[in-house]
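Listed here are the chains, written in short residue letters.
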Amino acid sequence: MSDRKHLTREQTKDIDENIAWASINTDVLRSMENPRRGYWVAMAVSVCLFSVMIYAEVYQYMYGMGAALLNTSHMWDLYISTFVFWIGMSHSGTLLSAILHLVHADWRKPIYRFAEAMTTFSLMTAGIFPVIHLGRVWNFYWVMPYMTDRGIWPNFRSPLIWDAFAITTYLTSSVLFLYIGMIPDLAICRDNAKGWRKPLYTWLSLGWRGDDRQWRNFRFTYLMIACFLIPLAVSVHSIVSMDFAMSIMPGWHVTTFPPYFVAGALYSGCAAIITLFILLRYFFKFEHYMTFPILDKVCKLTFVIAMVWTYLNLVEFASVWYGHDIPSKEVLIAKATGPYSPFFWGMMTFGSVLPFSLLSKWVRRNMYVLFFASIFLNVGMWLERWMIVTPTLSLGYHPQAFNVMWPGWTEWAMVGGSFGWFGMLFLIFVKVFPCVSMYEVKEMVFHRKRTIYEDVDEMMTLHSGVPGPKAQAQTQTSGGA
Amino acid sequence: MAGSSKKIVAKTRRVLGLFGDFDQAFEVIAGIRRYQVPGLTVDDVTLKSPIEHPEIEDVLGERPTDIPKFAFWGGLFGLVFGFLFLAGAQANFLVQPQGGKPVITIPSNVVLAYEMMILFGVLSTLAGFIIGGRLMRKSSGLYDTAITVDQIGIVIEVTDKQYQPLTELFKKHNVIEMHEEALS
Amino acid sequence: MSSLLGNIFKGWSDYTKGNEEGGHHDYEHMYAMVIDLDMCTGCNACSTACYAENNLATVGEEYFGARQAMHWMRIERYFDEPNVGEAEADTQSRGASFLPMMCQHCNAAPCEPVCPVAATYHTPDGLNAQIYNRCIGSRYCANNCPFRVRYFNFYDHQETAWPAPMEQQLNPDISVRSKGVMEKCTFCIQRTRAARNTAKNEGRAIRDGEIQTACQQTCPTSAILFGDLLDETSAVHQAWKRHQVQLGKYAQNKTNPELRGYRIFEELNVDTKVLYLERVREV
Amino acid sequence: MSTERSKRKPFPWVQAAVAAVVVGASIVLGAQIFERQLHPESAGVAPAPRVPGAEFPTDTFAGKDVEQPINYSHKLHAGDLGINCLYCHTYARRSKVAGIPPTAKCMGCHTVVGTDKPEIEKLTQMWQSNQSPAWNKVNDVPDFVHFSHERHLQKFLFDNPEMDIKNAPDVCAMCHGDMNQVGVAKKMKPLTMGFCVRCHESNQGPSDCTRCHK
């Protein structure tokens, strides 16, 4: 069964349905132990990046927002665009775990766990940015609607407050979704854990014993939260887009922003899934679970979403063009021809042209090419967010606004540091929690095997009278499992 | 629930049988359905399995769950509470006039009440899961780590009389291991 | 609880009533301004006066170049023919005109609804107010301001702008802003408050001309007028009426095309309260 | 029939309901306590004064003792001797600040009264060497709050037909507590924004932020 021949690029099955259940447990549990050198190197890099971010934040706290080279027309810059970027990343987990769960696409099962973890951690990363971009960071909690004796509330009309509500809700829900989906796996961990992990998993698995009652309630809970999460994910990113769309600025006040942002979010999330997929498959030797056919499906999904995004992007341009509002049109032209045009065309290339490479089967089945392609897709998506924020602010209604600025070092440090923070969280996650859903891979294997065997059995008995593989396998599984 | 005509005999033991295959476990349950063990019905069976098994409803019969109710009422509470909370806050907020917008702004309140609906819906669903799934409670000691690997367990409480036919039924369907504990 | 519900219904009725009247607020005053560009010589005295009156920090050349200055009142220069003889010609022959630009105190201000903590709002005086100690510096308001007249404290300037003993010259009636706070023209609200205090002590209403903004007071050509638009006898009201400009409209119905009055970005429907009078040119 | 199930304890709905009520009630009560800032009256000062025609703020605050260069007793001067607040804090009626009396005003009496007391000797020494006592601030509001003593005295004292200038201590007590009862001055009212706002609400003061913050 551990024969790796069929795990090559020519593999056609999503998963080998003869894989022993016990080996699923051992493979995944093994990935959670004994971090190797590569892990510590990655951790060290992440911690370094994050320390730079902390240094930059302390510096900015001491000297003021001017350290980021912001100015009177560029009040927002990389902080907000990176915030949007990370919020976007978080949508992939919801897509894979909730939407594909509802449509019964079972190939999501081996890969949804890390995507869902990615959702949670990118939200935690995204949540940093609105806070650090505040001029008076220490008063950030004033946006929360808590009761004070001063009779003062936040301004519920502000899209920033909507953001705060939406992100809080989304973070809570996605953490719970991740956690609830993990409870049966935490029970597996509990049964195999030693040392400090034992009390942790015992506590976290909430006394899960695999009772039929627990499973039944589990199924409904998972389904309900999935139903809650899908509209939530859509609303979160449309609310983020309203930070721009609800404003009066030419270039931001665009009606198509909400769907455009949602598509962009799914897009960058899918690209990030491909990156992490390849990394996890490579480092944790998850070839049996994170297989090429699944990667193939994710790539196709990415391509489809990339095309939706491209379409909405072009729609935005077209609506600005035909709307013939002069300032908006000038912003659009300046994006394509002005000082930021290299980045604009970079975004168009990486975002709209590069995905066409996913049409090639060679690319879809070549991990090395795909790895870099997915990185560049995400670079394109990051540029998209930057191109929304900065070129728009470099123009505007009033000539006083016309100016070009380049981000200061603190901004770059925070952008880099956010990757370090995300990396840190993710690295801790993969060693503490199972990043492949064991019980769901078992379900996937079980159902596929049953479907195949029942069909084949039926055919064999019908045509030749020889007992089919199901009958043969019965003796095998009882002994070999 | 027990019929008054029947004399209730005290159950003395709890038995756990582990099976390597779902079909075998289901045949045991089918046997219990066919009253091969006198006095035991399918309602007495608790199935412990490593995966969420869709056929479980067919085998064990429909058993109720309150999760959708929790989700619905949680969501509804969030929606109503969210809107009233926001409207109340706005109505009591001293600094009202802003940008030509009304005091209680429907568009923003709808957005925020929507988020609150989802937040409370999710939290209430979680509460329903913990209550309905009987999580976070002490359960019986009859548990085997093989259940989280690949074996399926059947837990039944029996009287002394039922014990013998049940073990026979278990053995007939290739039970791998049997555990039992006395009921106090 | 009952007061809360009562407030909700009061809020509703205010809303519906306000909608009928085309506004949402019972204004006690409506302070507005008139700036005659024909009289403006671009001398920057108003800007300097504003610095002195409102404790504006002088940020220095470096930060000014980085566009991190805070000049609530700024004189913008526009040239009729920017491309003709730019090198040799002086500004006059290039047709320079000046536009003093400060917060326009829009009645439908785009900055107000976007502030997450309600630090900017409309006062019953019809002013667009900024509460510095509530501001958390999200800077959304500045992004949403079409006039770009909101200024952010990118740094702390107290020590550099007013080294001891120069802090003694600070105006005690207005806060000194620290880093991370948005600020902007307030129409010299401390002077409004002082005049209101005097009038109240004397048991009378505020007289027209009693409140002078710092820029108005300093303007050597008296190009700036300030007053209450709701007071029909005030000079500002007269000027608005004479130039047939009305609040609450985004297109004015002028019977006389010769009238010079206009408001900037009227088409954005932000309802500004500063009336500019066009410069008269000899053709 | 299903013995296993009937043996399981039913969900304790009653206890859960009681717990929910207790939790809910404590949240509501806690919020009210928080909102009204019901501080324990540990200062031991009864808020006796009342201002007719106005709602008197009842909050109290247990301020710490403040070190002063001279142990000036408000109880002695204002309470026992009955000197009007506005005699010394004479700016209160015509400016934003109440002001501290010049040393000359103290010496008006203390060249003849109580000259043998050690505190007065200290004062006399300062007076002779052209110094003023460096008083420490007791009732302080942040710099971004522009409170006007004049406006409040006008409203509650001079414009109030039921009040006479003799009643000034009652008006002062609204924000400063009953200074007739303490020795060296200390803060006896919270002077937080909530304190101000509640009083403004009950006494129909302006609710416009720019009245105080500018």
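The shown structure was predicted, so the numbers you read here are calculated from the model rather than taken from an experiment.

Scoring rules and cut-offs
Residues numbered from 1 in each chain as written. Chains lettered and ligands numbered in written order. Predicted model: local features only at pLDDT ≥ 70, side-chain atom pairs only at ≥ 80, totals over all residues. Heavy atoms only, no water. Helix = DSSP H or I, 4+ residues; strand = E, 2+ residues; numbered from the N terminus. Buried < 20%, exposed > 50% of the residue type's maximum accessible area, 1.4 Å probe, protein only. Expected span 1.5 Å × (residues − 1). Lys, Arg positive; Asp, Glu negative; His and termini not counted. Salt bridge = Lys/Arg side-chain N within 4 Å of Asp/Glu carboxyl O. Polar contact = N/O pair within 3.5 Å; in protein donor to acceptor, adjacent residues only side chain to side chain. Contact = heavy atoms within 4.5 Å. Buried area = accessible area lost by both parts, 1.4 Å probe. Domains from an automatic or database assignment.

Student: Even after reading the chapter, I still don't get unusual backbone geometry, so can you show me in this structure?
Tutor: Among all residues except glycine, the phi angle is most often negative; among peptide bonds, the trans geometry is most common. Residues and elements named next belong to chain C. Of note, the amide linkage connecting Ala164 to Pro165 takes the cis form, showing an omega dihedral of 5 degrees. Mapped onto the elements of the fold, Pro165 is located in the loop between α6 (158-161) and β7 (182-183). Look at Asn55: it is not a glycine, yet its phi comes out positive at around 55 degrees. Inspection of the secondary structure puts Asn55 in the loop between α2 (45-53) and α3 (61-65). What makes Asn55 buried here is its relative accessible area of 4%. At Ala118, a position not held by glycine, the phi torsion is positive, near 60 degrees. Along the chain, the position of Ala118 falls in the loop between α4 (111-114) and β4 (120-122). Judged by its relative accessible area of 5%, Ala118 falls in the buried class.

Student: Is there a simple way to think about helix α10 (residues 292-323) of chain A in this case?
Tutor: Helical geometry note: an α-helix holds 3.6 residues per turn, so side chains three or four residues apart project in the same direction. Taking 1.5 Å as the rise per residue, α10(A) with 32 residues should run 46 Å; its terminal C-alpha atoms sit 46 Å apart, in good agreement. Residue His324(A) follows α10(A) closely and has a positive phi angle near 60 degrees.

Student: It is not clear to me how the side chain of Glu411(A) should be interpreted in this structure. Could you clarify?
Tutor: For Glu411(A), the location among the structural elements is in helix α15 (residues 409-432). Summary of buried charges: Glu411(A) has no salt-bridge partner, and the nearest side chain of opposite charge, Arg139(C), is 7.1 Å away. Polar contacts involving the side chain of Glu411(A) include one to the main-chain amide nitrogen of Leu78(A), which spans 2.9 Å. Residues contacting Glu411(A), with those up to four places away along its chain left out, are Ala68(A), Leu70(A), Asp77(A), Leu78(A), Tyr79(A) and Met405(A).

Student: So what exactly am I meant to see when it comes to the interface of chain B and chain A here?
Tutor: Think of interface size as the accessible area that goes away when the parts come together; that is how it is often given. Taken together, the contact pairs 64 residues of chain B with 59 residues of chain A. With both sides pooled, the region where chain B packs onto chain A buries about 5,700 Å², and carbon together with sulfur makes up 64% of that total. Per-residue buried area on chain B facing chain A is highest for Glu52(B), Glu115(B) and Phe129(B); these three make up 12% of the total on that side. Lys48(B) is the salt-bridge partner of Asp211(A), the closest N and O atoms lying 3.4 Å from each other. The tally of links between chain B and chain A comes to 17 residue pairs in polar contact (both at pLDDT 80 or more). The set of elements that each furnish at least two residues to the side of chain B that touches chain A consists of α1 (22-33), β2 (46-48), α2 (56-60), α3 (67-91) and α4 (106-132) of chain B. Looking at which element gives the most residues to the side of chain B that touches chain A, the answer is α4(B), with 16 residues.

Student: For this particular structure, what's the right way to read the domain arrangement of chain A?
Tutor: Residue and element names in this part refer to chain A. Examined at the domain level, chain A breaks down into domain 1 (36-436) and domain 2 (437-481). Buried area between domain 1 and domain 2, both sides added, is near 1,100 Å², and the carbon and sulfur share of it is 62%. Looking only at domain 1, the three residues that lose the most surface to domain 2 are Asp106, Lys109 and Ile188, adding up to 43% of its buried area. In this structure, the connection of domain 1 to domain 2 is made through 3 salt bridges. In this structure, the salt-bridge partner of Asp106 is Arg448, at a minimum N-O distance of 2.8 Å.

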